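What follows is each chain in one-letter form.
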Amino acid sequence: MKKYKFKINGQVYEVEVGEFDGNNATVSVNGTSYQVEVQGEEKKAKTPVLARKPVVNKPGEGQIKKADNAGGAFKINSPLPGTIKKVNISVGDTVKEGDCLMVMEAMKMDNNVMAEKGGTVKAVKVKEGDAVLQGDTLVEIA
């Protein structure tokens, strides 16, 4: 129940608005109860309408393309962003799968970067102290 004070022609009225039942309400003016009918437009909730256009993909967009390593080198990428602490290999070295190529610090921990494939080291793309991001190429093995 809400209380209001109205001043009409210099006269003050204390009004209590009670419960609403549809368009009907119970109103008490200076202690006398009245049943009143409220007239006016009911506000209707608006449902939002999606205003953007549908997405149309261009030919070939959204498809994953695999890197073509045919005749090229196998790339060892950084698993995490971090800093290279130690490089255990150099160009021309022969490595086998599982060898520790380098040690990198990531999230205050030392992580070994292992060879995923055996072969000859074709290129070492980083040196000690380099900062790398996740996915950066560290080593190429032929």
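Residues numbered from 1 in each chain as written. Predicted model: local features only at pLDDT ≥ 70, side-chain atom pairs only at ≥ 80, totals over all residues. Heavy atoms only, no water.

## Thoughts on the nonpolar core
1) Next: Formed by 15 residues in total, the largest nonpolar core has its most connected members in I84, V95, L101, M102, L138, V139 and I141.
2) Next: Taken together, the elements giving at least two residues each to this core come down to β8 (100-106) and β12 (137-141).
3) Next: Here V139 is in contact with F74, K75, I76, I89, L101, M102, V121 and A123, once residues within four sequence places are set aside. (Core = buried A, V, L, I, M, F, W, Y, C linked by side-chain atoms within 4.5 Å. Buried < 20%, exposed > 50% of the residue type's maximum accessible area, 1.4 Å probe, protein only. Helix = DSSP H or I, 4+ residues; strand = E, 2+ residues; numbered from the N terminus. Contact = heavy atoms within 4.5 Å.)

## Here we look at the side chain of E140
1) Next: As for its position among the elements, E140 is in strand β12.
2) Next: Using a relative accessible area of 13% as the deciding quantity, one classes E140 as buried.

## Things to note about the sheet that holds strand β9 (residues 109-114)
1) Next: Taken in spatial order, the 4 strands make up an open sheet running β9-β8-β6-β11, and their pairing is antiparallel. Here the strands that pair on one side only, and so sit at the sheet edges, are β9 and β11 (131-132).
2) Next: With 2 bridges connecting them, strand β6 (residues 82-87) and β11 associate as antiparallel partners. Each residue of the ladder has a partner; that of G82, found in β11, is V132. (Pairing = 2+ DSSP bridges.)

## A few points about a nonpolar patch on the surface
1) Next: A cluster of nonpolar side chains, namely Y4, F6 and I8, defines an oily patch on the protein surface of about 290 Å² accessible area.
2) Next: On the basis of relative accessibility, which here comes to 40%, the residue F6 falls in the partly exposed class. (Patch = residues over 30% accessible without salt bridge, like charges linked within 9 Å, V, L, I, M, F, W, Y side chains within 5 Å. Areas by Shrake-Rupley, 256 points an atom, 1.4 Å probe, with all protein chains shown as cover. Salt bridge = Lys/Arg side-chain N within 4 Å of Asp/Glu carboxyl O.)

## A short note on the pattern of salt bridges
1) Next: With the rule as written, the count across this model stands at 3 salt bridges.
2) Next: One salt bridge in this structure joins K125 and E140, with 3.6 Å as the shortest N-O distance. Of this pair, K125 sits in the loop between β10 (119-124) and β11 while E140 sits in strand β12, and the two are 15 residues apart along the sequence.
3) Next: Note that D130 is salt-bridged to K127, the shortest N-O span being 3.2 Å.

## Looking at the sheet that holds strand β2 (residues 11-21)
1) Next: Read from one edge of the open sheet, 4 strands run β1-β2-β3-β4, paired in antiparallel fashion. In this open sheet, the two strands that pair with only one neighbour each are β1 (2-8) and β4 (32-37). On average, each strand axis in the sheet is inclined to that of its neighbour by 30°, with strand direction left out of account.
2) Next: Relative to strand β3 (residues 24-29), β2 is paired through 5 bridges, and the arrangement is antiparallel. The partner of E16 across the bridge, within β3, is S28. (Axes fitted to C-alpha atoms, helices over the stretch in contact; angles between N-to-C directions.)

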